Amino acid sequence: MFIVSAYSSKRVREENKVRQQFLESEYLSLWRAYGFWELPTKELSLQDFEQSARPSVDEVREQMGSGCECALCPQRKNLVFGSGSPTARLMLVGEAPAAEEDAQGLPFVGPAGQLLTKILEAMGLKREEVYLTNVVKCRPPQNRVPAPEEVSSCSPFLEEQIRAIAPEMIIALGTTAFATLVEDDTPLAESRGKVRTLAWDGKTPVMPTFHPAYLLKHPEAKKLVWEDMKTVMAFLGAKV
Ligand code: URA
């Protein structure tokens, strides 16, 4: 059905091989036509090919259509895909839209989002400079934690969003984002603050930290999040 599985890294490697064979055969006939029998040695790197095969965020949005067809889709008001810069260096991933996000179709616009905006401002960043999204794009009833099948149905679109934006770093906000992106069930209190890598590509750095909704209930944890944000800023080469 969709680009998601087609662009998994194994598939990219296979496609690259086929493409390489094709290019070589074209070169071969050309060179033969000119009486040369040796192949030119220039190779497409996997990185070059991955770059050329990347979708745009708009394409991913288009592919997502009216949703991933999980149980959450029929219950939501609006699908909350994401917002911000399609070329952001920093991407922030939360759990799921809440009431205000569902009403507006935008991520992080309710109370937790307002706190997140303040955190970003303290880091010297505007919301439009980063990219904000969630693991699932439709609001779970009563803001419950998304079920594993809802996460697995929706997260391929997140994977494609990440491939499209290719951020230098991702901040995983809260347990659901951390468990989905890093594929680690360790409690967040133990894992936050240490740079990890995105399980899907094995290379994009991920900083796990507390969700701003958690900070609204536990303001004492703000100083820990600020420590994590300082690490992110240092990583991005921003002034701390
Ligand atoms: N909580 C989230 O995880 N995401 C939002 O967009 C809003 C609240």
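Residues numbered from 1 in each chain as written. Predicted model: local features only at pLDDT ≥ 70, side-chain atom pairs only at ≥ 80, totals over all residues. Heavy atoms only, no water.

With that settled, consider the overall build of the protein. Across its full length, the protein carries 11 helices and six strands. Across the 240 residues that make up the protein, the buried fraction comes to 46%. In the protein, the share of contacts with a sequence separation of at least 24, taken over all contacts with a separation of at least 6, comes to 69%. Only carbon and sulfur atoms are counted for the fraction: they give 53% of the accessible area of the protein, which is about 12800 Å². (Helix = DSSP H or I, 4+ residues; strand = E, 2+ residues; numbered from the N terminus. Buried < 20%, exposed > 50% of the residue type's maximum accessible area, 1.4 Å probe, protein only. Contact = heavy atoms within 4.5 Å. Areas by Shrake-Rupley, 256 points an atom, 1.4 Å probe, with all protein chains shown as cover.)

In this structure, the largest pocket spans a volume of roughly 670 Å³. Tallying contributions element by element places helix 10 (residues 212-217) first for the lining of the largest pocket, with four residues. Of the residues belonging to the lining of the largest pocket, the class tally is 15 nonpolar, eight polar and five charged. (1 Å grid on protein atoms, 1.4 Å probe; cavity = no way out; pocket = protein on both sides within 12 Å on 5 of 7 lines; lining within 4 Å. Points joined across faces, edges and corners; volume = space filled by probe spheres on them. Nonpolar A, V, L, I, M, F, W, Y, C, P; charged D, E, K, R; others polar.)

Following the criterion strictly, the structure yields zero disulfides and no others. Cys68 carries a free sulfur, and the closest cysteine sulfur to it, the one in Cys70, is 3.8 Å from it. (Disulfide = S-S within 2.5 Å.)

Here we take up the pairing of strand 4 (residues 169-173). Of all the five residues making up strand 4, five are buried; the element is thus mostly covered by neighbouring parts of the structure. Here strand 4 shows a buried face lined by Met169, Ile171 and Leu173 and a second buried face lined by Ile170 and Ala172. Sheet topology places strand 2 (residues 90-94) next to strand 4; four bridges connect them, and they run parallel. Pairing of Leu90 across the sheet is with Met169, part of strand 4. Across four bridges, the pairing between strand 4 and strand 6 (residues 205-209) is parallel. In the strand pairing of strand 6, Ala172 is matched with Pro208. (Pairing = 2+ DSSP bridges.)

Within helix 4 (residues 57-64), burial applies to Val57, Val60 and Met64. For helix 4, the buried positions fall inside an angular range of 60° around the axis, keeping them on one side. Of the exposed residues in helix 4, those oriented more than 90 degrees away from the buried face are Asp58 and Glu62. Buried-residue contacts for helix 4 involve strand 3 (131-134) and helix 7 (148-165). (Arc of directions from axis to C-beta.)

Moving on: the site of the ligand. In the vicinity of the ligand, the contacting residues are Gly94, Glu95, Ala96, Glu101, Pro107, Phe108, Asn134 and His211. In the model, a nitrogen atom of the ligand is placed 3.0 Å from a nitrogen or oxygen of the Ala96 main chain. For the ligand, an oxygen atom lies 3.0 Å from a polar atom in the backbone of Phe108. Protein contacts shield 93% of the accessible area of the ligand, which totals 230 Å² for the unbound molecule. Judged by the fraction of its atoms near the pocket grid, the ligand is located in the largest pocket. Residue composition of the shell around the ligand, grouped by class: three nonpolar, three polar and two charged. (Near = heavy atom within 4 Å. Polar contact = N/O pair within 3.5 Å; in protein donor to acceptor, adjacent residues only side chain to side chain. Sits in = over half its atoms within 2 Å of the grid points.)

The next point concerns the packing of helix 7 against helix 8 (residues 175-182). Contact geometry of helix 7 with helix 8 gives a least axis separation of 11 Å together with a crossing angle of 70°. Relative to helix 8, helix 7 is oriented roughly perpendicular. For the pair helix 7 and helix 8, the contacting residues are Val151, Ser155, Leu158 and Ile162 in the first and Thr176, Thr180 and Leu181 in the second. (Axes fitted to C-alpha atoms, helices over the stretch in contact; angles between N-to-C directions. Parallel < 35°, antiparallel > 145°, perpendicular 65-115°, else oblique.)

Moving on to the sheet that holds strand 5 (residues 196-197). With mixed pairing, the six strands of this open sheet are ordered in space as 1-3-2-4-6-5. Edge positions in the open sheet fall to strand 1 (83-84) and strand 5, since each of these has one partner strand only. Direction of pairing for strand 1 relative to strand 3: antiparallel, over a ladder of two bridges. Each residue of the ladder has a partner; that of Ser83, found in strand 3, is Leu132.

At their nearest, the axes of helix 4 and helix 7 sit 8 Å apart, and the two run at 165° to each other. When the interaxial angle is binned, helix 4 and helix 7 end up roughly antiparallel. Seen from above, helix 4 lies across helix 7 with right-handed handedness. Of helix 7, the residues touching helix 4 (which contributes Val57, Val60, Gln63 and Met64) are Cys154, Phe157, Glu160, Gln161, Ala164 and Ile165. (Left-handed = near helix turned anticlockwise from the far one by under 90°.)

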